[in-house]
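Reading the structure
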Amino acid sequence: MRWICLVFLCVSFALSAQQEGRIETDRPDQTECPFIVRKGYFQAEMGFNRNVSKDELDYLMPTSLWKFGLVTWAELRLNSVLQKQGDISRFKMESVGAKFHLVEGKKWVPRTAVIVQYDINSQNRDASERNEVSHSLGNVVFTMQNSLGGPFGVGYNIGSEFHSNGGMEGIIRVAPNVNLGQNGYAYIEFFGRLPKSNLTDTWVDGGLAYYVTDDLKLDVSLGKSLNVGQLWYAAVGISFRVKLF
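Everything quoted here is computed from the prediction, not taken from an experiment.

On to the overall build of the protein chain, then. A count of helices and strands for the protein chain gives one helix and 13 strands. Taken from N to C terminus, the helices and strands of the protein chain fall in the order α-β-β-β-β-β-β-β-β-β-β-β-β-β. The buried share of the protein chain, taken over its 245 residues, is 44%. Sequence-distant contacts in the protein chain: of pairs separated by 6 or more residues, those separated by 24 or more amount to 49%.

Chain-level pLDDT for the protein chain is 84 on average; 78% of the residues reach the 70-or-more range. Confidence scores differ between elements of the protein chain, with helix 1 (residues 2-16) showing the lowest mean pLDDT of 42 and strand 11 (residues 203-213) the highest of 97. Here residues 1-19 is a poorly scored stretch, pLDDT under 50, and it has 28 contacts once near neighbours within four places are set aside; other chains count.

One broad trend across soluble globular proteins is that nonpolar side chains are buried collectively. One finds Phe42, Ala44, Met46, Trp66, Leu216, Ile238, Phe240 and Val242 forming the largest nonpolar core, which totals eight residues. Counting residues per element, the ones that place at least two in this core are strand 1 (41-53) and strand 13 (231-243).

This next bit is on the pattern of salt bridges. What the rule picks out here adds up to 13 salt bridges. Taking the shortest distance from any N to any O, the salt bridge between Lys99 and Asp26 comes out at 3.6 Å. Within this pair, whereas Lys99 is found in strand 5 (residues 88-103), its partner Asp26 is found in the loop between helix 1 and strand 1, the two being separated by 73 residues in sequence. A relative accessible area of 3% means that Asp26 is categorised as buried. For Arg77, the salt bridge goes to Glu75, with nearest N and O atoms at 2.9 Å. Three or more residues joined by partner-sharing salt bridges are found here, namely Asp26, Glu32, Glu45, Lys67, Glu75, Arg77 and Lys99.

Moving on, we get to unusual backbone geometry. Look at the link from Arg27 to Pro28: it is a cis peptide, with omega at -5 degrees. Relative to the helices and strands, Pro28 resides in the loop between helix 1 and strand 1. A cis amide bond links Leu194 to the next residue, Pro195, at an omega of 0 degrees. Relative to the helices and strands, Pro195 is located in the loop between strand 10 (184-194) and strand 11. Of note in this structure, Lys107 is not a glycine but carries a positive phi near 55 degrees.

Moving on: the pairing of strand 8 (residues 152-163). Inspection of the sheet shows strand 7 (residues 136-149) paired to strand 8 by twelve bridges, in the antiparallel sense. Bridged to Asn146 within strand 8 is Val154. Connecting strand 7 to the next strand, strand 8, in antiparallel fashion are two residues, including Gly150 with a positive phi near 60 degrees. Where strand 8 and strand 9 (residues 168-180) come together, eleven bridges link them in antiparallel fashion. Within the sheet, the bridge partner assigned to Phe152 lies in strand 9 and is Val178. What sits between strand 8 and strand 9 in their antiparallel hairpin is a turn of four residues, with Gly166 showing a positive phi close to 95 degrees.

Between two aromatic rings, the relevant description is the distance of the centres plus the angle of the planes. Within the structure shown, the criterion is met by six aromatic pairs. Considering the side-chain rings of Trp73 and Phe100, the 6.3 Å spacing of their centres and the 25 degrees angle between planes classify their relative orientation as stacked. Highlighted residues: Trp73 in the loop between strand 3 (63-71) and strand 4 (74-85) and Phe100 in strand 5, separated in sequence by 27 residues. By relative accessible area, Phe100 is classed as partly exposed at 29%.

Looking now at the side chain of Asn157. Position of Asn157 relative to the elements: it lies in strand 8. A relative accessible area of 1% places Asn157 in the buried class. When near neighbours in sequence (up to four residues on either side) are disregarded, Asn157 contacts Gln30, Thr31, Glu32, Val141, Phe142, Thr143, Met144, Ile171, Ile172 and Arg173.

Right, let's get into the side chain of Lys67. Within the secondary structure layout, Lys67 lies in strand 3. Only 2.8 Å separates the side chain of Lys67 from the side chain of Asp26, close enough to count as a polar contact. With residues near it in sequence (within four places) discarded, Lys67 still touches Glu24, Thr25, Asp26, Val37, Tyr41, Phe42, Gln43, Glu45, Glu75, Leu76, Arg77 and Lys99.

Mapping Leu102 onto the fold places it in strand 5. For Leu102 and Ala74, which are 28 residues apart along the polypeptide, the C-alpha to C-alpha distance reads 9.7 Å. With sequence-adjacent residues up to four places away left out, Leu102 is seen in contact with Thr112, Ala113, Val114 and Phe142.

Conventions adopted
Residues numbered from 1 in each chain as written. Predicted model: local features only at pLDDT ≥ 70, side-chain atom pairs only at ≥ 80, totals over all residues. Heavy atoms only, no water. Helix = DSSP H or I, 4+ residues; strand = E, 2+ residues; numbered from the N terminus. Buried < 20%, exposed > 50% of the residue type's maximum accessible area, 1.4 Å probe, protein only. Contact = heavy atoms within 4.5 Å. pLDDT = per-residue confidence, 0-100. Core = buried A, V, L, I, M, F, W, Y, C linked by side-chain atoms within 4.5 Å. Salt bridge = Lys/Arg side-chain N within 4 Å of Asp/Glu carboxyl O. Pairing = 2+ DSSP bridges. Phe/Tyr/Trp six-rings, centres within 6.5 Å; stacked < 30°, edge-to-face > 60°. Polar contact = N/O pair within 3.5 Å; in protein donor to acceptor, adjacent residues only side chain to side chain.

Below you can see the structure in the form of structure tokens.
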């Protein structure tokens, strides 16, 4: 229950904060956003997942992305999962990285940033025909976003995941979205890996997000594998930010 208390404590700070501009998050879609966390701010993006594969139901412990705004053009990123061992629950770091601002974006030129990430946990990795050892060294992803006019926009990622055997896989994600009034938006998404093999999976998903305040955001999402007929997931999430300095 301690992590629940931590969430509500941080949310209370977010609700009382009065910052200019809304929180920008990488949740709930898989497509990373090109925005950098404001300098001097801490931001948390937490998700709670439910996966279904054939007749098996799996509840995943909360996964979290922690961000720290170091300078106006870069943020530090830490990924963690809540791991339960017996009666003890503890956060375990999965990866560490940074996001760097590249292009502000104007008209048809997309706002662009790049994410560089190193994987700490070598055991939590999907199998791949291009890597006999289930270990990813990390990835480099270019994340871009364009306005399509009115309430419509699209985010997209192109990148590579690097393997311990020297191989790599391409990463592709596309997420069109539409604003729903002043405080919400909806999206659909396609994401997967290249080259195609019987161990790489392609997904479609969609979801909704709602801004409670400029510093607090809630989301729900649902996705389905295009390769495995009975594989799907559902998730709910919460994101918030607080000023540190």
